[in-house]
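# Examination of the molecular architecture
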Amino acid sequence: MDGEELDLRPVLDSVRRRLPLVLLLALAGLLGALVLTRFFSQPVYRASARILVEAGQPAAALAGSIPLAADTYVELVRGEWLKREVGRRLEIADGQGLPFELTARSVRGTQMVVLEVESPDPKVALEAARQTLGLLQELVRQRQAERFAAAEQRLEGQVSELSAELNRVRTALSQARTEAERASLSDQLSRLQAALGQLQASYGNLRLAQAQTSDLIIVLEPPALPERPVRPNLVVNGAVGGILGLIVGLTYAAAVAVLDRRFRSVKEAEELLKLPVLAVLYRQDPASEGGDIKHNEEAFRVLRTNIRFSAVDRPLNVLVVGSVEPEAGKTTVAVGLGRALASLGQRVLLVDGDLRRPSLHEVFGLNRSPGLSDWLVNPGFEADKLLRLVGDNLWLLAAGTPAPNPGDLLASQRFAEVIRGLAGQFGAVIMDSAPAAVGADLLNTAAVADGFIMVISLGLTEREEANRLLNQLRGEGVRVLGVVVNRAEPKGRAYYGYYYGGGGKWGLGILPRLGRKGDSSRT
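The following paragraphs examine the structure supplied in this document. (Residues numbered from 1 in each chain as written. Predicted model: local features only at pLDDT ≥ 70, side-chain atom pairs only at ≥ 80, totals over all residues. Heavy atoms only, no water.)

### Details of the packing of aromatic side chains
One pair of aromatic rings is described through two measures. These are the centre distance and the angle between the planes. Under the counting rule described, the total for this entry stands at one aromatic pair. Aromatic side chains Trp395 and Phe426 sit 5.5 Å apart centroid to centroid with 65° between the ring planes, which places their arrangement in the edge-to-face category. Within this pair, whereas Trp395 is found in strand β9 (residues 394-397), its partner Phe426 is found in the loop between α17 (413-425) and β10 (428-433), the two being separated by 31 residues in sequence. Like Phe426, Trp395 is buried. A cation over an aromatic ring shows up here: Arg38 above the ring of Phe39, its NZ or CZ 5.4 Å from the ring centre. Over the ring of Phe426 we find Arg347, and its NZ or CZ is 4.6 Å from the ring centre. (Phe/Tyr/Trp six-rings, centres within 6.5 Å; stacked < 30°, edge-to-face > 60°. Helix = DSSP H or I, 4+ residues; strand = E, 2+ residues; numbered from the N terminus. Buried < 20%, exposed > 50% of the residue type's maximum accessible area, 1.4 Å probe, protein only. Lys NZ or Arg CZ within 6 Å of the ring centre and 35° of its normal.)

Rendered as structure tokens:
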């Protein structure tokens, strides 16, 4: 598949390294939510009731009324008028806010309505629910009474009109002169009497239905005094707080991984720089004895072996060890590699090429002068007075007296001649250079080298700066052998087996690759 793949490994690695902080933030969110819920949140109680709305009654039909549907009662309860009326019955002043919330919902597919009243005071919630039920029942009864009264008034009016008509027909019948006229009036009188009888029967039925009428609202579950608050929920709020804290922690870890420009893992350094990792130096256990060099003796033996395989095609008499920034561990690498090569009986010279802030002489407890700068300025110095034996088969050429123009000294032809002359006297010359951050000193020292070793310090060296230095070295034609990764976490030390015959899965498989032309000599 074309295009760059999303690499989540830096994010996952950042989360792993900051897992205690992530868990701490989750715990802080959990505890914070519990404290806020318990001590700063007002509890809310809920009183609820369930009612059934009758679909209809014969009495309602006689009265000409249409029973309200459940949704109509829901809307009625949601109205402001009913809430204000309930508040008035609870003797709450108009200027004050209502100390309760009144809601209603219908049960889908039924004529049931659920009334819910919430309040910080459980007694207020109960009383408001009761008053709401009573008010609804009063409204229904009032509506029924109004319907019955209107129906009764209508029937009475119709009876009165028929009675008057009957009286008129009877009067006309008594005054009729012809047989045909009397027959017509008699037939009309019969019809009016039948209609009046029906109205009187309806009137009687209406009065009977009014006497037997019942409520259209049936209370299925009356409200009860709530014993526990429905809000806030301690468990839910605690869970939400913990999840939010976890999200904050994970977001922070991911943001650090995305925004952090420093190398964080050995694999990242190898993949981004596209250079072989020659050795990995692990962080020293505070409980262990000895310095970084003794602590990483096995790593320096791995470095020595990889350097020797890199010299299969071309000799490596002069090696320069450098880094982007100070404190990356280049001096440690130079000393460790020098001791590892000297242990094989090879004559090794350590040269302190950092004329600005030298430190090689401090490793061995010596003075910095006389040394390299003195020899460059005064060719008459004898090498026996400058080269000091610091171990078996291991000599040191210190930085020398501080010079006002160290960059010019390192860029001079004299410097190249001195280093080449020393290379003819020793099996290996290892030079500790100034960091790239201080100027062109590193490029000047690397120009006289047969091979350059870049030191990357995890958590310190920035990716962009390392790539910039690598491009500068290649632009000058410097042969970059590979990378030494410093300050790795001591977890299993997998790279020992990976690069140097640890008897594990990989064996010596990487060594032929380092020895092939084009892999170990990148220019």
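### Quick notes on unusual backbone geometry
A cis geometry characterises the amide bond from Arg231 onward to Pro232, with omega recorded as -10°. By the element assignment, Pro232 lies in the loop between β4 (217-221) and α8 (234-259). Omega for the bond connecting Ser369 with Pro370 falls within 30 degrees of zero, at 0°, which places this linkage in the cis form. One can find Pro370 in the loop between α13 (360-363) and α14 (372-377). Positive phi outside glycine occurs at Glu91, with the angle close to 60°. When you line up the elements, Glu91 lands in the loop between α5 (80-89) and β2 (101-106).

### Focus on the sheet that holds strand β1 (residues 45-53)
With respect to topology, four strands assemble into an open sheet ordered β2-β3-β1-β4, the strand pairing being antiparallel. Since the sheet does not close on itself, it has two edges, and those belong to β2 and β4, each with one partner. Ignoring which end each strand starts from, the neighbouring axes of this sheet average 30° apart. The pairing of β1 with β4 spans four bridges and is classified as antiparallel. By the bridge assignment for β4, Ile51 is matched with Val219. Lying on the sheet, helix α4 (residues 70-78) is in contact with β1, β2, β3 (112-119) and β4; it crosses β2 at an angle near 170°. (Pairing = 2+ DSSP bridges. Axes fitted to C-alpha atoms, helices over the stretch in contact; angles between N-to-C directions. Contact = heavy atoms within 4.5 Å.)

### Description of the pattern of salt bridges
One pass over the structure, following the stated rule, counts 20 salt bridges. One salt bridge in this structure joins Glu221 and Arg50, with 3.7 Å as the shortest N-O distance. On the criterion of sequence distance, the pair formed by Glu221 in strand β4 and Arg50 in strand β1 is long-range, its members being 171 residues apart. Overall, the relative accessible area of 25% leaves Arg50 in the partly exposed class. Residues Glu75 and Arg78 are paired through a salt bridge, measuring 3.4 Å at the closest nitrogen-oxygen approach. Linking Glu75 with Arg78, this pair stays in helix α4, spanning three residues, or about one helical turn. (Salt bridge = Lys/Arg side-chain N within 4 Å of Asp/Glu carboxyl O.)

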